[in-house]
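Given next are the chains, with one letter for each unit.
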Amino acid sequence: MVVSEHEFEAGGNRVMKVFAPKEAEGERRAGIVPETVGRLAKLGLEVAVAPGIGAAVGMPDEAYREAGATVDAGAGTDADIVLRVRPPEPAEVAGLKRGALHVSFLDPFAKDGRLEAFANAGVSTVSLEMMPRTTLAQKMDALSSQASLAGYAAVLMAAARLPDVLPMMMTPAGTLQPARFFIIGVGVAGLQAIATAKRLGARVEAFDTRPVVEEQVKSLGARFLKVDLGDTGQTEQGYAKELTEEQLGKQREGMAKACAQADVVITTAKLFGRPAPRIVTAAMVAGMKPGSIVIDLAAETGGNVEGSRVDEEVVTDGGVRLLGPRTAECQVARDASRMLASNLAAFVEHVHDAEGGGLKLDRGDEIIRGCLMTHDGRVVHEKFAPEPESEKG
Ligand code: NAD
């Protein structure tokens, strides 16, 4: 199915409005930051934000006004483009204008009826999770921008809790050995975690099932742990393939020693659209030294570590501290917001039609085809669209 180029019914030369609403309780990032107001206005868009969206991270309403935005809680109902971080509540979907474009993280694999709600409301939706991982889409890749900060923040969270310093220190009071970090999963978050831990002077070891990662780990000055798992590899998009139970068993065996020796274990191993693999068992955690820290960045999608809980800090009987932050990047929420808002602005720039003044949602475009979920009253993404009646059975 091809959806042809779509021009927004912008009503002649009416100026299009872009709006960032208030996020759910506890979310400190925002879809528009003062720095992106000018970028959006330059496209000829009228920019509005809900009051207080940046207040918690030092971006007051006044900064938005100075940048040229209107601060108005009610601007969402007639906005042509809505930029936000988290998926909206169903009631908010119903309140959007028909024909509007909504861009945010959407958790599309949750299959919670949200896509259908967008389709029924006649709202075109883009899921940031589905943005292609290509060079062309790099500026819009919010998964990467946020994962990178999550990797950084995970190291700081561990460092703040570890009862030791990270670098080697030779002092008249004695020599302190560098802390040992073990990073499992070396995608965007893992690479940033390695780089951050190295900068702080830790000794770092890492593992990933994708063999191509070994060189990247070494180039950051870390050691790559070799575990022979047989055939592993990666998908066309660069994501890891799921391991068999036998391979996972071998992996756990190969890693038990590295975990036991580590002062800090950070796990970032995810499988796109599927639950995260359970890599670190309770027995492996029990083998760690008291005072050690485990940060499970995959806790939200099922967890790499047995016993970790989303957004909780658990201390095991053996004195190991387990953390499962849902969005570790929110430890540095202002910069996380800046990067995310920049990803969103880049997407608007990509779909903005400089000649017609509307938006082009052309499914012939690789980026749009990858991330457009609903359009023209239907779920259109090939992975999520309902099977046509003629192809059933
Ligand atoms: P991710 O968050 O899906 O997973 C994190 C890491 O966990 C991956 O490196 C994965 O291989 C690893 N993993 C999965 N199962 C594992 C297991 N059992 N044990 C150990 N590690 C395991 O990955 P990501 O950070 O989103 O990156 C995915 C890919 O996309 C990477 O290849 C990355 O380089 C690529 N990428 C490309 C671009 C681009 O070209 N613009 C941008 C971003 C990411």
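The rules we used
- Residues numbered from 1 in each chain as written.
- Predicted model: local features only at pLDDT ≥ 70, side-chain atom pairs only at ≥ 80, totals over all residues.
- Heavy atoms only, no water.
- Near = heavy atom within 4 Å.
- Polar contact = N/O pair within 3.5 Å; in protein donor to acceptor, adjacent residues only side chain to side chain.
- Areas by Shrake-Rupley, 256 points an atom, 1.4 Å probe, with all protein chains shown as cover.
- Nonpolar A, V, L, I, M, F, W, Y, C, P; charged D, E, K, R; others polar.
- Phe/Tyr/Trp six-rings, centres within 6.5 Å; stacked < 30°, edge-to-face > 60°.
- Helix = DSSP H or I, 4+ residues; strand = E, 2+ residues; numbered from the N terminus.
- Buried < 20%, exposed > 50% of the residue type's maximum accessible area, 1.4 Å probe, protein only.
- Domains from an automatic or database assignment.
- Pairing = 2+ DSSP bridges.
- Right-handed = clockwise from strand over helix to strand, strands pointing away.
- Contact = heavy atoms within 4.5 Å.
- Axes fitted to C-alpha atoms, helices over the stretch in contact; angles between N-to-C directions.

Chemist: An account of the site of the ligand is needed here, citing residue identities and associated values.
Modeler: In the vicinity of the ligand there are 25 residues, among which Ser144, Val188, Asp208, Arg210 and Gln251 approach most closely. A distance of 3.1 Å separates an oxygen atom of the ligand from a polar backbone atom of Gly187. The contact in question runs from an oxygen atom of the ligand to an N or O atom on the side chain of Asp208, over 2.6 Å. A total of 840 Å² of accessible area belongs to the ligand in isolation, and the protein chains cover 85% of it. Its residues assigned to classes, the shell around the ligand comprises ten nonpolar, ten polar and five charged.

Chemist: Can you lay out the packing of aromatic side chains for me, pointing to particular residues and giving the numbers?
Modeler: Taken as a whole, this structure holds four aromatic pairs when the rule is applied. Between Tyr239 and Phe272 the ring centres are 4.6 Å apart and the planes differ by 10 degrees, which places this aromatic pair in the stacked class. You can see Tyr239 sitting in the loop between strand E11 (223-224) and helix H8 (245-261) and its partner Phe272 sitting in the loop between strand E12 (264-267) and helix H9 (282-286), a full 33 residues away along the chain. A residue is classified by how much of its surface remains accessible, and Phe272, at 26% relative accessible area, is partly exposed.

Chemist: Can you break down the domain arrangement of the protein chain residue by residue, with the values?
Modeler: Annotation of the protein chain at the domain level lists domain 1 (7-130 + 333-377) and domain 2 (147-325). With centres defined by C-alpha atoms, the gap from domain 1 to domain 2 works out at 35 Å.

Chemist: I'd like a description of the pairing of strand E10 (residues 203-207), backed by residues and values.
Modeler: Among the five residues in E10, four count as buried, and that is most of the element. In terms of strand pairing, strand E9 (residues 180-184) meets E10 through five bridges, oriented parallel. Bridge pairing in E10 links Arg180 to Arg203. Handedness of the crossover is the feature at issue here: the chain leaves E9, passes through helix H6 (residues 188-199), returns alongside E10, and the resulting connection is right-handed. Judged from the two bridges that link them, E10 and E11 form a sheet pairing that is parallel.

Chemist: Please set out the sheet that holds strand E14 (residues 313-315) residue by residue, giving values where relevant.
Modeler: Ordered by their spatial adjacency, seven strands build an open sheet running E11-E10-E9-E12-E13-E15-E14, and the pairing between neighbours is mixed. Sheet topology places E11 and E14 at the edges, where each strand pairs with a single neighbour. Along the sheet face, helix H5 (residues 142-161) touches E9, E12, strand E13 (293-296), E14 and strand E15 (321-323) and points at about 155 degrees away from the line of E13. Packed on one face of the sheet, H8 meets E9, E10 and E12 and runs near 155 degrees to E9.

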